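Observations on the three-dimensional arrangement
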Amino acid sequence: MGASYPHMFLILLLLHGANAASKPPAGPKWQTLSGGPPQVIGRGGFSGLFPDSSQFAYQFALTASLPDVVLLCDLQLSSDRIGFCKTGLTLDNSTTVSEIFPKMERTYKLHGEDVHGWFSLDFTADQLAQNITLIQNIFSRPSTFDGSQRMYTLDEVVELHPPQIWLNVQYNSFFLEHKLSSEDYILELPKDTLSYISSPEVEFLKSLGGKLKKAKTKLIFRLLNENIEEPSTKKTYGELLKDLKAIKEFAAGILVPKTYIWPVEKDQYLAPSSTSLVKDAHALGLEVYASGFANDIVLSYNYSYDPTAEYLQFIDNPDFSVDGVLTDFPVTASGAVACMAHSKGNPLPPPGKSRPLIITHNGASGMFAGSTDLAYQEAIKDAADIIDCTVQMSKDGTAFCMHSADISSSTTAATAFASKASTVHEIQNKSGIFSFDLSWSEIATLKPALISPFAQAGLQRNPLAKNAGKLMTLPQFLDLAKASNITGILIEIEHASYLAKRGIGMVEAVSSALTKAGYDKETKQQVFIQSDDSSVLAAFKKFTTFRRVLNIEAKISGASKPSVEDIKRFADTVRIHRNSVAQITGYFMTHFTDTVGSLQAANLTVFVGVLKNEFMNLGFDFFADPTIEVATYAFSVVADGIVTDYPATASSYFRSPCSDMKLNLSFSILPAQPGALVNLAAPGMLAPAGAPSPLLQPTDVVDPPLPPVKAVIAADAPAPGAADNTSSAFSSNAGNGLIVGRHRGPLVPDLSALILSWWLPLYSHMFSFLLSVLPSYILKCAVT
């Protein structure tokens, strides 16, 4: 089979060639039973990417994971007693057997229940190996490799020379009922072929243990869900778990669902504490292995969709470490063990040559409602370098932080101010409730709402904090930033031209707030001004220490030379979307575009975003692992900054030794390589590649000049205390019904108040006088 894919190993070496280097320095002692690192066990190889138990799955796991990775084979027996590897009792949900042998469907009893399908024991080894191919049976995983891999035998796994093989015998009693003995099959294998044998059947392990006394193979008792009955003892697995001493008599360890160790409650959050299972088992000399790990399943909300965080919960907490993890994604588990564990206290290298800037997207908006005090506080805690505020404006000129002018989804405005809904085509083509139609006093009554971009797929973000936190005015944001040790701030300005026509000076409000907060003279924190409007950026040229960032949301494949020259007239940095970085075909990267290179060649700084941890946001090349995406943009794309909803994921990676590409480690978290996985796809399985995205042109980056701020009669007074806590685009006297222009700085309101205290009474008397004499004057003129 390997000869059919001669490029397989070349691609694997390209992807993970660094994993054959020197060993890392000795770290802290582990809390495993042996005191060594926990084992990484690949269930069916790398079954999170390739069809379970396929050649590619085993080869990839062996090459891309830790050097001592364990390959697990779920035993199936053919009618002629040949052992195959495939998870599950029936074949039809993960192979093409029903298409090839449509008349071979059968019904058998399993623990008294009818099971329908196609079974390995009804086929010879030749029928299974020569006719049936494997398919992916989990819809969130790529079907690209379906039909190209045949069923793999245990003997073929042995021929790969993995450091350790784990044989799981899940259905011994079933095969035995049909006169196929798993025990006989195992005893006929060469001595010490297997490092581990697991089974959920007590009598099988006891019988096999009596015949493997001199072998080095460890017998592991696999416990199923607590309410399931073990067939030989007629006790539930929950009952059996209460007597660890009895288990120790026939097994060296236990393999349990991860919830046995750290329960997840009904609300999908972790229980406040773990069970004592690992400590109790270790006290008796029993090893504990945890199962059920995968990157592309709904995790506890505590992990913020970062699978590495889940591994660390089981291997790097203060109380215990399991002895191994059974996973569909052994590459991520390997990174957790070799890179991320014991690195939480490491210093974060300064941004620059060693790593890109970590830039938030509305704060830590993956954990708390974006642009709230809690989101920004969490981002600072998570070691973000730059925290951002996308500025919106209230009707009475208050500048505040919010990701969109339409606040209907990011606050409770949809229920509180439904009557204010309107459609503003200059901003969006759908109805919304816009901040500039509400006063700040009205907006301040709203609660924030945490947005879950993948909620329709069942991936909610931190529901317990859905409405937690407070909205922040721009001055409040600046005060928070000033009091922290961050590297800088990023202020984004949207729709300034439209608002100017409505009499709201956004550029003036932001400039005033920054000046008042002292950022015009700030030397410790860098200020970035971001906009998709070139005229807005040009307006900030007067602040010579500010960096100006052009935001390009359109998908591009590069930048023309004239467009780059135009950009440099008003900006020194460009923020691009993730989809401008690589050409994508069928959720696979085929190659990197020239976008970043063409911009950096012109000495422009490049930020890439927005990164999100949810696996549905990640292309297959990232293995459903957000840390690999961070590594890719940092060290393959070489972005100067990454914009993320989850700054903790990025900072955790950059604290680890694996983010230092100069170190020659035995394992490292390596960037994705575009085109590598695509080359493994079966012919015809990929959709045709789309046309390349266009180059950025001057017309895409140059905007008309900002219009003057239209003079308006303001109907609403600013919120109480607005002069102290908000930045206003209006004069402080807007509530008096006077026609006013742009805000002119902190001295103007006081001067205006002085003048108006003298002028208004005079104005009132003059107006009354005119009303009294004007009618007679008009009449006199008419008579004349």
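The model shown is predicted, which means the values in this text are computed figures rather than measured ones.

A short note on the overall build of the protein chain
Helix and strand counts for the protein chain come out as 27 helices and 29 strands. Expressed as a percentage of its 784 residues, the buried residues of the protein chain come to 56%. Partitioning the contacts of the protein chain with sequence separation of at least 6, the portion at a separation of at least 24 is 72%.

A closer look at the state of the cysteines
Following the criterion strictly, the structure yields three disulfides and no others. The side chain of Cys-73 participates in a disulfide bridge whose partner is Cys-85; the two sulfur atoms lie 2.0 Å from each other. Handedness of the Cys-73-Cys-85 disulfide follows from its S-S torsion of about -100°: it is left-handed. A residue pair is termed long-range when its members are at least 10 positions apart, and Cys-73 in strand β2 (residues 70–77) and Cys-85 in strand β3 (residues 83–85) qualify at 12 residues. The two residues Cys-73 and Cys-85 agree in class, both being buried. The disulfide that involves Cys-389 links it to Cys-401, with 2.0 Å between the sulfurs. Judged by the sign of its S-S torsion, about -105°, the cystine formed by Cys-389 and Cys-401 is left-handed. Placement of the pair is Cys-389 in strand β14 (residues 386–393) and Cys-401 in strand β15 (residues 399–401), with a sequence separation of 12 residues. The exposure class assigned to Cys-389 is buried, which follows from its relative accessible area of 0%.

Focus: the packing of aromatic side chains
Taken as a whole and assessed by the stated rule, the structure comprises 36 aromatic pairs. Ring geometry for Tyr-653 and Phe-654: centres 5.2 Å apart, planes at 55°, overall tilted. Here the aromatic cluster, defined as three or more aromatic residues joined through ring pairs, consists of Phe-46, Phe-50, Phe-56, Phe-60, Phe-145, Phe-329, Tyr-587, Phe-588, Phe-620 and Phe-623. Looking at Lys-482, its charged tip hangs above the ring of Tyr-519, at a distance of 4.8 Å from the centre.

Section: the pattern of salt bridges
Considering all chains together, one arrives at 21 salt bridges under this definition. Residue Asp-520 pairs with Lys-521 through a salt bridge whose shortest N-O separation is 3.3 Å. We classify Asp-520 as partly exposed; its relative accessible area is 25%. A residue is classified by how much of its surface remains accessible, and Lys-521, at 66% relative accessible area, is exposed.

Topic: the environment of Ala-517
Along the chain, Ala-517 turns up in the loop between α19 (506–516) and β19 (526–531). Other than its neighbours up to four places away in sequence, Ala-517 contacts Leu-478 and Lys-482.

Looking at unusual backbone geometry
In the segment running from Gly-609 into Val-610, the intervening peptide bond is cis, with an omega of 5°. One non-glycine residue, Tyr-587, lies in positive phi territory at about 70°. Tracing the sequence through the fold places Tyr-587 in the loop between β23 (582–585) and β24 (588–592). Using a relative accessible area of 62% as the deciding quantity, one classes Tyr-587 as exposed.

A closer look at the nonpolar core
Of all hydrophobic cores here, the largest spans 182 residues; its most connected members are Phe-221, Ile-489 and Ile-491. When sequence neighbours within four positions are dropped, the list of residues in contact with Ile-489 reads Ile-386, Ile-387, Phe-477, Leu-478, Ala-481, Leu-514, Tyr-519, Gln-525, Gln-526, Val-527 and Phe-528.

Describing the packing of helix α23 (residues 626–635) against helix α24 (residues 647–655)
Closest axis-to-axis distance for the α23/α24 pair is 10 Å, and the angle between their directions is 70°. Between α23 and α24, the crossing angle belongs to the class labelled roughly perpendicular. Note on packing geometry: the crossing formed by α23 with α24 is right-handed. Facing Pro-626, Thr-627, Val-630, Ala-631, Ala-634 and Phe-635 of α23, the residues of α24 in contact are Thr-649, Ala-650, Tyr-653 and Phe-654.

Side note on the side chain of Asp-533
Considering the arrangement of structural elements, one finds Asp-533 in the loop between β19 and α20 (534–539). Although Asp-533 is buried, it makes no salt bridge; Lys-501 carries the closest opposite charge, 9.5 Å away. When sequence neighbours within four positions are dropped, the list of residues in contact with Asp-533 reads Ser-497, Asp-703, Pro-704 and Leu-706.

Concerning the confidence of the model for the protein chain
Looking at the protein chain as a whole, its pLDDT mean stands at 89, while 87% of the residues score no less than 70. For residues 17–22, every residue scores under 50 in pLDDT, and the model assigns this stretch 20 contacts once sequence neighbours within four places are set aside. Across residues 714–784, confidence stays below pLDDT 50; counting only partners more than four residues off in sequence or on other chains, it has 66 contacts.

Remarks on the environment of Arg-461
Turning to its location among the elements, Arg-461 is positioned in the loop between α16 (440–443) and α17 (474–482). The class for Arg-461 is buried, based on a relative accessible area of 4%. Counting along the chain gives 11 residues from Arg-461 to Leu-450, while the straight-line C-alpha distance between them is 7.3 Å. In terms of polar contacts, Arg-461 uses its side chain to reach the backbone carbonyl oxygen of Ser-365, at 3.3 Å. Polar contacts involving the side chain of Arg-461 include one to the side chain of Glu-614, which spans 2.7 Å.

The rules behind each value
- Residues numbered from 1 in each chain as written.
- Predicted model: local features only at pLDDT ≥ 70, side-chain atom pairs only at ≥ 80, totals over all residues.
- Heavy atoms only, no water.
- Helix = DSSP H or I, 4+ residues; strand = E, 2+ residues; numbered from the N terminus.
- Buried < 20%, exposed > 50% of the residue type's maximum accessible area, 1.4 Å probe, protein only.
- Contact = heavy atoms within 4.5 Å.
- Disulfide = S-S within 2.5 Å.
- Phe/Tyr/Trp six-rings, centres within 6.5 Å; stacked < 30°, edge-to-face > 60°.
- Lys NZ or Arg CZ within 6 Å of the ring centre and 35° of its normal.
- Salt bridge = Lys/Arg side-chain N within 4 Å of Asp/Glu carboxyl O.
- Core = buried A, V, L, I, M, F, W, Y, C linked by side-chain atoms within 4.5 Å.
- Axes fitted to C-alpha atoms, helices over the stretch in contact; angles between N-to-C directions.
- Parallel < 35°, antiparallel > 145°, perpendicular 65-115°, else oblique.
- Left-handed = near helix turned anticlockwise from the far one by under 90°.
- Lys, Arg positive; Asp, Glu negative; His and termini not counted.
- pLDDT = per-residue confidence, 0-100.
- Polar contact = N/O pair within 3.5 Å; in protein donor to acceptor, adjacent residues only side chain to side chain.

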